[in-house]
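Structural overview for review
Chain residues, written in single-letter form:
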Amino acid sequence: MNETVKKPVSVKKVILRALLYLVVLDVCVITLYPYFAMFCTALKSRAEIFSPHGTILPVHALWSNFIDIWSRAPMARYLLNSILVAGGSTVIAMLCGIPAAYALARMRFKGQTAFLGFVIVSQMFAPVVLLIGIYKVMLTLGLTDSILGLVFINAAFNQAFTIWLLRGTFLGISSEMEQAATIDGCTRLQSMLRVLLPVAAPGIVTTLIFIFINAWNEYTVALCLISTDTNKPLTVGINIFNGYNMIEWQYLFAASIFAIIPVVILFMGIEKNLVSGLASGGVKG
Amino acid sequence: MKKNSFRKVEPYIWIAPSIILMAIFILVPIVFVFRMALSDVSKAGLIRGFNGVANFTKVLKSAAFGLVLKNTLVWTVAVVVLSTILGFVLALILNNQFKGRKVARAIVVFPWATTLVIQASVWNFIINTDYGTLNTLLIKLGIIDHAVNWTSTPAIYFNWEIACGIFVTIPFVTFCVLSGLQSIDTTYYEAATVDGANYWQKLFKITLPLVRSSLTVSTVLNIIYVFNSFPIVWTMTKGDPANYTDTLVTYLYKLAFYNGRQGEAAAVSVIGFVILLVCASVYMIYTLRKGDDY
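Residues numbered from 1 in each chain as written. Chains lettered and ligands numbered in written order. Predicted model: local features only at pLDDT ≥ 70, side-chain atom pairs only at ≥ 80, totals over all residues.

1. Some points on the overall build of chain B
Assigned secondary structure in chain B consists of twelve helices and two strands. When the helices and strands of chain B are read in sequence order from the N terminus, they spell out α-β-β-α-α-α-α-α-α-α-α-α-α-α. Relative to the 2.2 N^0.38 estimate, which gives 19 Å for 294 residues, the radius of gyration of chain B is 24 Å and therefore markedly larger than a compact globule would have. Principal axes of the C-alpha set define a box for chain B whose edges measure 80 × 75 × 30 Å. Within chain B, counting contacts between residues at least 6 apart in sequence, those at least 24 apart form 69% of the total. (Helix = DSSP H or I, 4+ residues; strand = E, 2+ residues; numbered from the N terminus. Rg over C-alpha atoms; globule rule 2.2 N^0.38 Å. Contact = placed C-beta atoms within 7 Å.)

The structure is reproduced here in structure tokens:
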């Protein structure tokens, strides 16, 4: 652990150290390998991919693949749809989740435990198990094959996480400041908006990025509900290159890279806060 | 007086938007699924009346169901257990101080952030017999001299799906455990060192008990997610050939949207939910009770 006293370096320690670096390096190489393969393939020509003498790095890097996908498929449309679905779900999930998490953290009321219980149990129903029911609801509301439908479904199925993470964040913040604000004549809403939310900003940003990523990566519901090509988000849309008769791997992977990059960047930003949020939301009863 | 009654209603106003959202898009579908599971449903999805447990008996009698159930259990147990062990070990490794730790942590996040359908496509490409990069790589390295068929039987293909599942699940476990590890007071270890405890004693007597709540959170969530995971199996094999690589969720998707047997699909949903509820509660009660001993 943290050694403050310098000790003579033993052989055993050096070997352990070397072993540590070796294992970490292996883990990184294995983790990155699929992305490496994806990127190399995205730069190859169809002929090179299917040639009997396989190559690892592309012989001639075909950067044009990254441009071709925009004309071969309505990629811009898929991208826009993904942004709309992920952005819309995030906004709705937060608008519903923040007040609920606030009530759970700051008020006592009958049915509190029941509500929290339902929130947790709702996690057990993945959308895929409820697809038949979801489909019926969407038919009734006229939201099948619509982006708005996906927005509501993603927002609803992310409520549990939103409330869980935000309740943990709010509970970790002392309510003294809000009480002082109330004495000064603020209403609850004002004290939440002006006092609590600014302090809770890191937790809120983590939560909203996490919902955004979840909704961006969602596949199953979109696959089932969306039939019109121009309404598909990226996760479903890019499979246009994965046809029954032939798979255009170079295009599939070039398009995939566009779907992955924004999310990976966002994720690296929140990784640390997200996990501590997960743990605190669960522990603080 | 007026103010007092408002205070009583106030919390419900705050939770109302959330309740409405979840009621329409989660609760109503749940009710629909249970109702359809107990009803005679036409091919077009119209409910034609109550028919008791007929859907359940039809599902339970079908030859494929036993196989699908077995696959689901193998899939869930293998992915959750192996990714928990590997993720835990990886967290212990990443908790050491070393150069490049930040970079390593950032890289480990990748599979967690990538959408499963893309991850599964890449794996499918890598293990392809004719042009997959695994064969190419191994031939170039001189480990094999001709292309190997990595997916010769459905069982082997299913194992690849499990491997892919483990690969994408490890980061979540790792980061949950890491958060637990970082909250452990280092004086425990110092005291143990003074008392002459070795590495393994410290691991089992200090680390493991103290990260158990993190492990419980990640394991319960993983049981739920992995059990219900659809994209990996769907992208790699679609549950084919026959039902050899189907899990409950891919099976019910096909029943509902390919075969028009929505009543039976709803029955499969209900069976899946009951299994999940029992497993998750048993696990939670078991670990929470064990935790009380401390």
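Right, picking up where we left off after that structure.
2. Topic: the overall build of chain A
Along chain A, the regular secondary structure elements total 14 helices and zero strands. The C-alpha radius of gyration computed for chain A amounts to 24 Å, which surpasses the reference 19 Å derived for 285 residues by more than 25%, pointing to a less compact arrangement than a globule. Expressed as a percentage of the 285 residues in chain A, the buried residues total 46%. Put simply, of all contacts in chain A between residues at least 6 apart along the chain, 76% involve residues at least 24 apart. (Buried ≥ 20, exposed ≤ 12 C-beta atoms within 10 Å, placed from the backbone.)

3. Considering the pairing of strand S2 (residues 47-50) of chain B
Regular strands place side chains that alternate from one sheet face to the opposite one. All names here are of chain B. With two bridges connecting them, strand S1 (residues 39-41) and S2 associate as antiparallel partners. Within S2, the position partnered with valine 41 by the bridge is isoleucine 47. Two successive antiparallel strands, S1 and S2, enclose a turn made up of five residues, where glycine 45 displays a positive phi of approximately 95 degrees. (Pairing = 2+ DSSP bridges.)

4. Examining helix H10 (residues 188-199) of chain A
Residues and elements named next belong to chain A. The terminal C-alpha atoms of H10 lie 16 Å apart, and with twelve residues this matches the ideal 16 Å at 1.5 Å per residue to within 8%. Within H10 the residues assigned to the buried category are Ser191, Met192, Val195 and Leu196. Down the axis of H10, the buried side of the element spans an arc of 120 degrees, and every buried residue falls inside it. In H10, the exposed positions angled more than 90 degrees off the buried face are occupied by Leu189 and Pro198. Its buried side turned inward, H10 meets helix H4 (75-106), helix H8 (159-171) and helix H9 (176-183). (Expected span 1.5 Å × (residues − 1). Arc of directions from axis to C-beta.)

5. Overview of the nonpolar core
Of all hydrophobic cores here, the largest spans 160 residues; its most connected members are Ala101, Leu131, Ile132, Ala156 and Ala255 of chain A together with Leu252 of chain B. Those residues within four positions of alanine 101 of chain A in sequence are excluded, and the remaining contacts are Ile163, Leu166, Arg167 and Phe170 of chain A. (Core = buried A, V, L, I, M, F, W, Y, C linked by C-beta atoms within 7 Å.)

6. Notes on the environment of leucine 196 of chain A
Residues and elements named next belong to chain A. Relative to the assigned elements, leucine 196 resides in helix H10. Overall, leucine 196 belongs to the buried group, with 23 C-beta atoms counted inside 10 Å. Residues leucine 196 and leucine 171, spaced 25 residues apart in sequence, show a C-alpha to C-alpha distance of 11 Å. Setting aside anything within four residues of it in sequence, one finds leucine 196 in contact with Phe170, Ile173, Glu178 and Ser191.

7. Comments concerning the interface of chain B and chain A
Opposite the 75 residues of chain B that make contact, chain A presents 74 residues. Among the residues making up the side of chain B that touches chain A, the classes are represented as 55 nonpolar, 19 polar and one charged. (Nonpolar A, V, L, I, M, F, W, Y, C, P; charged D, E, K, R; others polar.)

8. Description of the packing of H4 of chain A against helix H7 (residues 147-157) of chain A
Residue and element names in this part refer to chain A. One can describe the packing of H4 onto H7 by two numbers: an axis separation of 8 Å at closest approach and a directional angle of 45 degrees. Put simply, H4 runs oblique to H7. By crossing handedness, the relation of H4 to H7 is classed as right-handed. Of H7, the residues touching H4 (which contributes Asn81, Leu84, Val85, Gly88, Ser89, Ile92 and Ala93) are Ile147, Leu150, Val151, Phe152, Asn154 and Ala155. Residues of the contact of H4 with H7, tallied by class, amount to nine nonpolar, four polar and no charged. (Axes fitted to C-alpha atoms, helices over the stretch in contact; angles between N-to-C directions. Parallel < 35°, antiparallel > 145°, perpendicular 65-115°, else oblique. Left-handed = near helix turned anticlockwise from the far one by under 90°.)

9. Side note on helix H11 (residues 201-217) of chain A
In an α-helix, one turn spans 3.6 residues, which is why side chains three or four residues apart end up on the same side. An ideal rise of 1.5 Å per residue puts 24 Å on 17 residues; H11 of chain A measures up with 24 Å between its terminal C-alpha atoms. Counted residue by residue, H11 of chain A has twelve buried out of 17 residues, so it is predominantly covered.

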